[in-house]
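Inside the fold
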There are 2 protein chains.
Amino acid sequence: MNAPVSRRSGGRAARHAARTAPLAEHLRPVRPGLTGGHFAPLSAADLDRIHHAALAALEQIGLANAPASGIRAMTAAGAILGDDGRLRFPAALVEDTIARANRHVTLCGRDPRHDLDLSGTRVHFGTAGAAVHLVDAATGTYAESTLQDLYDATRIADRLDNIHFVQRPMVARDIPDPREMDLNTLYACCAGTTKHVGTSFSEAAFARDALRMLHLIAGTETAWRARPFVSNSNCFVVPPMKFALESCEVMEACIEGGMPVLLLSAGQAGATAPASIAGAIVQAVAECLAGLVYVNAIRPGHPAIFGTWPFVSDLRTGAMSGGSGEQALLTAGCAQMHRYYDLPGGAAAGIADAKLPDMQAGWEQMCSNVLAGASGLNMVYEAAGMHASLLGFCHESLILGDDLIGQALRCVRGIEVTEDALSLEVIRATCLDGPGHYLGSEQTLSLMQTDYVYPNLGDRSSPKEWAERGQPNLIAAATARKIALLARPSTARFDPMTDRAIRAAFPIHLPA
Amino acid sequence: MNAPVSRRSGGRAARHAARTAPLAEHLRPVRPGLTGGHFAPLSAADLDRIHHAALAALEQIGLANAPASGIRAMTAAGAILGDDGRLRFPAALVEDTIARANRHVTLCGRDPRHDLDLSGTRVHFGTAGAAVHLVDAATGTYAESTLQDLYDATRIADRLDNIHFVQRPMVARDIPDPREMDLNTLYACCAGTTKHVGTSFSEAAFARDALRMLHLIAGTETAWRARPFVSNSNCFVVPPMKFALESCEVMEACIEGGMPVLLLSAGQAGATAPASIAGAIVQAVAECLAGLVYVNAIRPGHPAIFGTWPFVSDLRTGAMSGGSGEQALLTAGCAQMHRYYDLPGGAAAGIADAKLPDMQAGWEQMCSNVLAGASGLNMVYEAAGMHASLLGFCHESLILGDDLIGQALRCVRGIEVTEDALSLEVIRATCLDGPGHYLGSEQTLSLMQTDYVYPNLGDRSSPKEWAERGQPNLIAAATARKIALLARPSTARFDPMTDRAIRAAFPIHLPA
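Naming follows an unreviewed UniProt entry, where chain A appears as Methyltransferase of Thalassococcus profundi. Entered under Sequence similarities (unreviewed entry) in the UniProt record, the comment concerning chain A runs "Belongs to the trimethylamine methyltransferase family."

Shown next, in the form of structure tokens:
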């Protein structure tokens, strides 16, 4: 094919002028909550079969290890405790729960402009995970991640347009005490961003402590309950088909405290879930349906996110492979099940197996992110920054992920087909009377801001320009942006009085 | 979420043994011709509207600059030459042409196991382009591309499972004479691979010379015509809506010589095509429909590929941006139009704007490749190796692209939902009687070869293993593989007698 059209100066000044005008939020080419759903690997019949297999698994196999409180609540709702200690769920109970569950969930940001409406196929991308290393992009060193690393990640994410929420992506390994770690994690996330925050707690008592901190941040308990800006990422099951005792107790405490719950089933196909993609989805759906029964048995209508997060094993080694095509399919298939139930849902995408933000990381992160978005997944967790199959988090990769997700979101938005977009009159005017090209046309000028996504760091210069600029390096550019972003004060820090109150009540490690 | 399941030795020996057995071609997890179609950004109504807008453009605007021979053939078929010199196409002529066009096209390889069946939504990935630089992955240098570079690319592509055809990706800039360049390009491609080859010719006379060479390679003209293993990539239009005189003459010579034609319309949205995605598709479809009328007016049923290749402009500069989300949507929308007509189609994907095989290149190449495949595009051109918005080709990137496309193909294949795949019995056996995990299960062992794609160079080791191996570099690994592949003799070289005959007839530059 021919070489691309060469750069022209005609119309450039006009385009530049158009670009400098600010754009209303609803006119931005991509934004949180764009409607996906154009990728659908499962047919309607497939969805039915998966649903019925999940119902059969719940009725016939059930889940082991429910805590006493959960057994009380779920048997009262209609679940049956077997002699083998497993809790089984009649199909009618599950179907009724699905029908009555809360399907109008908004996850609040501390700043309301970051609220996330999880209805329909509205798509949001954000961080998540429990990486134990921070990746140094320049040296490739994997160091134990610290509270400061987490706080920095949160502050960076706060500034990135295409990161719509901030679930804790890495663990503060420098805080050995579990309670202090949970509370400082929450503090660091909330102090770093006014976007919706997700985090986990290792004991119910810590969740209750955390709620007290959230009341302080919100001003009052009533204010917190009116707009809960933190959700609990809760691994309530240990796949296959077992409840996780302490996580369930945490979940009950969060429900009591008015905190939305992410019902997270993180099986690994070929290890803790069936190796077939359909089977891994069946198990994840069954487990999350059990979680949904649990939540609604405790408090009907409590906001819960259907968190089918099946992962993939590299079956040669049994190790996890989050960057595979199989992972992208698992996540997209789960998103279709969320829509089948019309329930707010989340799953994992954007994970790289690559150790560094290299070409492999780029293709791995895009593959699952763009298909997750195109499948209409409400909450795309772990969408940026994750390396080494979730073991490492990288600040530079998070920043580059913002560019990557911008392009993915453009694909989620899709193709508008209107009379104007079809362009027949523009083609006619250009070919019959006009200049024979579209460079300066009114349509081109009007669409350049509303229809086209421009990368922040992605380089589109010509080889000549690029060489003249000394072959600018993508990672170095990301590091420079990281330094610039972290040099700016957080807009999310608490007012001094609130901060003093928090520090008086809790052992906060970050300096005031 | 929890850290991934740690690596285990249980079942590893059995898995290793299973992996060493060779797998029948039809059982490979990915292969040429997988059926796509799960990504559909355009609705049925959208497709109708685009079709009718294209018909209106052909009837009302038409195309300028048809050669005299084309005007004769197309007006005889029913096209109308206006006083303004534009050829206009009544809707009935276009509809009849679509109905009668050849929709059962197989592109042959010199080796029949590389034949490509372009029916339905069967997907094939390959190279293409006219890059003028070879990119040195280690230094970032863009040097003028040579015939040897092209021959090397062809030999590398011949060995890569996920590169299904080899259209000439770069130009032999070291051969100034256009005829010698065309003939040596053809020789180098055919001498490097037994996969289907695509190339272009700058004059009809060179195409006729090329056909004589192809008769020699095939043995006889009859043998060539029975299994034409080269197609003509033909830019028969200069968008917007103008025929390209010399390319049309080349096309007529190729049709005469029995060579399949890729009807390539390479407009650039915002420059030579409307800036709206839908409008760029309308124009590309209109132009390719005109080409289809042309081909079928010359020889009814001649094999033609509907080559809607609209590209994207970065509207800030007017420069091309092949790595954008907009590009992925353009290509996927075109693939849907091919299916709307049930005609064999091709478009461009996998282009990086990045200058090097870095993270940006990875996300750019994956975004359009996976969506092109998922949309069921028959021929995904430019799928590997292309950088700097088509100006540079990189051997290492081609090799890494094979891995990238492997994962994209896994997504194209989708999710099988069968009774076995649903895994209810496997879940039951594992949870109620079994070990509580799936690591050594019969299902896991049987699916590990047929359902999972393993990267060649993509790294899935743990950070610890990776550090112990000295942080292996992805690009260095690709370079090592390049050297190893090029050290092997081409299996596609001609027998000595044929080669002597070719060299006697044509000025061949590659050493014998």
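**Here we look at the overall build of chain A**
A count of helices and strands for chain A gives 19 helices and 20 strands. Against the compact-globule benchmark of 24 Å for 512 residues, chain A has a radius of gyration of 24 Å, which places it among compact chains. A burial count over chain A gives 65% of its 512 residues as buried. Taking the contacts inside chain A whose residues are at least 6 apart along the sequence as the reference set, 76% of them involve residues at least 24 apart. With an accessible surface of roughly 16,000 Å², chain A has 54% of that area assigned to carbon and sulfur atoms.

**Quick word on the interface of chain A and chain B**
Listed per partner, the contact involves 134 residues of chain A and 133 residues of chain B. Inspection of the chain A/chain B interface yields 10 salt bridges. Note that B:Asp459 and A:Lys355 form a salt bridge whose closest N and O atoms lie 2.8 Å from each other. Connecting chain A to chain B are 38 residue pairs in polar contact (both at pLDDT 80 or more). At 10 residues, helix H12 (residues 359-374) of chain A tops the list of elements feeding residues into the side of chain A that touches chain B. Tallied by class, the residues present in the side of chain A that touches chain B amount to 71 nonpolar, 38 polar and 25 charged.

**Things to note about the pairing of strand S14 (residues 304-308) of chain A**
Residue and element names in this part refer to chain A. For S14, the tally of buried residues reaches 5 of 5 residues, placing the bulk of the element in the interior. Residues Ala304, Phe306 and Thr308 line one face of S14 and the alternating positions Ile305 and Gly307 line the opposite face, and both faces are buried. Where strand S12 (residues 261-265) lies against S14, 5 bridges are found, and the strand directions are parallel. What sits directly across from Leu263, in S14, is Phe306.

**What about the sheet that holds strand S7 (residues 133-135) of chain B?**
Residues and elements named next belong to chain B. Spatial ordering of the open sheet is given by S8-S7-S20-S19, a layout of 4 strands whose pairing is mixed. Every other strand in the sheet has two partners, leaving strand S8 (142-144) and strand S19 (386-387) as the edge strands with one partner each. As paired elements, S19 and strand S20 (residues 392-393) share 2 bridges and run antiparallel to each other. Residue Met386 lies in a different strand from S20, and its bridge partner there is Phe393.

**Some words on the relation of the copies chain A and chain B**
Mapping between the two copies of the chain is achieved by a rotation about an axis and a shift along the axis. For the pair chain A and chain B, the superposition axis carries a translation of 0.0 Å, the fit reaches an RMSD of 0.0 Å, and the rotation angle comes to 180 degrees. Such a combination of rotation and displacement between the chain copies is what one expects of a two-fold axis. When the interface residues of chain A are mapped onto chain B, 99% of them are again interface residues, pointing to one common binding face.

**What about the sheet that holds strand S20 (residues 392-393) of chain A?**
Residue and element names in this part refer to chain A. One open sheet accounts for 4 strands, arranged S8-S7-S20-S19; its pairing is mixed. In the strand order of this sheet, the two ends are held by strand S8 (142-144) and strand S19 (386-387), each with one partner. Across 2 bridges, the pairing between strand S7 (residues 133-135) and S20 is parallel. Pairing of His133 across the sheet is with Gly392, part of S20.

**With respect to helix H12 (residues 359-374) of chain B**
With 16 residues, H12(B) should cover 22 Å at 1.5 Å per step; its first-to-last C-alpha distance of 22 Å lies within 8% of that length. The element H12(B) is largely enclosed, with a buried count of 16 among its 16 residues.

**With respect to the side chain of B:Arg103**
Looking at the element boundaries, B:Arg103 is found in the loop between helix H4 (91-100) and strand S4 (106-107). If we ignore the near neighbours within four places in the chain, the residues touching B:Arg103 are B:Ile98, B:Tyr341, B:Asp342, B:Leu343 and B:Pro344.

**Structural notes on the packing of helix H7 (residues 204-218) of chain B against helix H19 (residues 496-505) of chain B**
Each packed pair of helices is defined by two parameters, the angle between the axes and the distance between the axes. Residue and element names in this part refer to chain B. Here H7 crosses H19 at 165 degrees, and the two axes come no closer than 9 Å. Overall, the two elements H7 and H19 adopt an arrangement that is roughly antiparallel. When you trace H7 past H19, the crossing you get is right-handed. Residues Met213, Leu216 and Ile217 of H7 form the contact with H19, whose own contacting residues are Thr498, Ala501, Ile502 and Ala505. Residues of the contact of H7 with H19, tallied by class, amount to 6 nonpolar, 1 polar and no charged.

**As for the environment of B:Arg173**
All names here are of chain B. Positionally, Arg173 belongs in the loop between strand S9 (165-167) and helix H6 (178-192). Accessibility expressed as a relative area gives 42% for Arg173, which makes it partly exposed. Every residue in contact with Arg173, bar those within four places of it in the chain, is listed here: Val132, Glu144, Ser145 and Thr146. One polar contact links Arg173 to Glu144, side chain to side chain, over a distance of 3.2 Å.

**Digging into unusual backbone geometry**
Here A:Pro239 and A:Pro240 are connected by a cis peptide whose omega angle stands at 0 degrees. By the secondary structure assignment, A:Pro240 is in the loop between strand S11 (230-234) and helix H9 (245-256). One non-glycine residue, A:Ala388, adopts positive backbone phi at about 50 degrees. Secondary-structure assignment places A:Ala388 in the loop between S19 and S20. Take A:Ala388: its relative accessible area is 2%, and that puts it in the buried class. The phi torsion at B:Ser423 lies on the positive side, around 70 degrees, for a residue other than glycine. The residue B:Ser423 is located in the loop between helix H14 (419-422) and helix H15 (424-433) in this model. A relative accessible area of 1% places B:Ser423 in the buried class.

**Remarks on the pattern of salt bridges**
Charged atoms that come close allow side chains of opposite charge to pair. Inspection of the entire model under this criterion finds 50 salt bridges over all chains. A:Asp499 is the salt-bridge partner of A:Arg503, the closest N and O atoms lying 2.8 Å from each other. Taken as a pair, A:Arg503 and A:Asp499 lie in helix H19 (residues 496-505) at a separation of 4 residues, close to a single helical turn. With a relative accessible area of 9%, A:Asp499 lands in the buried category. For B:Asp451, the salt bridge goes to B:Arg413, with nearest N and O atoms at 3.0 Å. Of the two residues, B:Asp451 sits in the loop between helix H16 (442-450) and helix H17 (463-468) while B:Arg413 sits in helix H13 (residues 395-413), which places them 38 residues apart along the sequence. Put simply, A:Asp314, A:Arg316, A:Asp353 and B:Arg460 are held in one network by salt bridges that share partners.

What counts and what doesn't
- Residues numbered from 1 in each chain as written.
- Chains lettered and ligands numbered in written order.
- Predicted model: local features only at pLDDT ≥ 70, side-chain atom pairs only at ≥ 80, totals over all residues.
- Heavy atoms only, no water.
- UniProt positions renumbered as here; feature names shortened; annotations may be inferred.
- Helix = DSSP H or I, 4+ residues; strand = E, 2+ residues; numbered from the N terminus.
- Rg over C-alpha atoms; globule rule 2.2 N^0.38 Å.
- Buried < 20%, exposed > 50% of the residue type's maximum accessible area, 1.4 Å probe, protein only.
- Contact = heavy atoms within 4.5 Å.
- Areas by Shrake-Rupley, 256 points an atom, 1.4 Å probe, with all protein chains shown as cover.
- Salt bridge = Lys/Arg side-chain N within 4 Å of Asp/Glu carboxyl O.
- Polar contact = N/O pair within 3.5 Å; in protein donor to acceptor, adjacent residues only side chain to side chain.
- Nonpolar A, V, L, I, M, F, W, Y, C, P; charged D, E, K, R; others polar.
- Pairing = 2+ DSSP bridges.
- Least-squares fit on C-alpha atoms with pLDDT ≥ 70 in both.
- Expected span 1.5 Å × (residues − 1).
- Axes fitted to C-alpha atoms, helices over the stretch in contact; angles between N-to-C directions.
- Parallel < 35°, antiparallel > 145°, perpendicular 65-115°, else oblique.
- Left-handed = near helix turned anticlockwise from the far one by under 90°.

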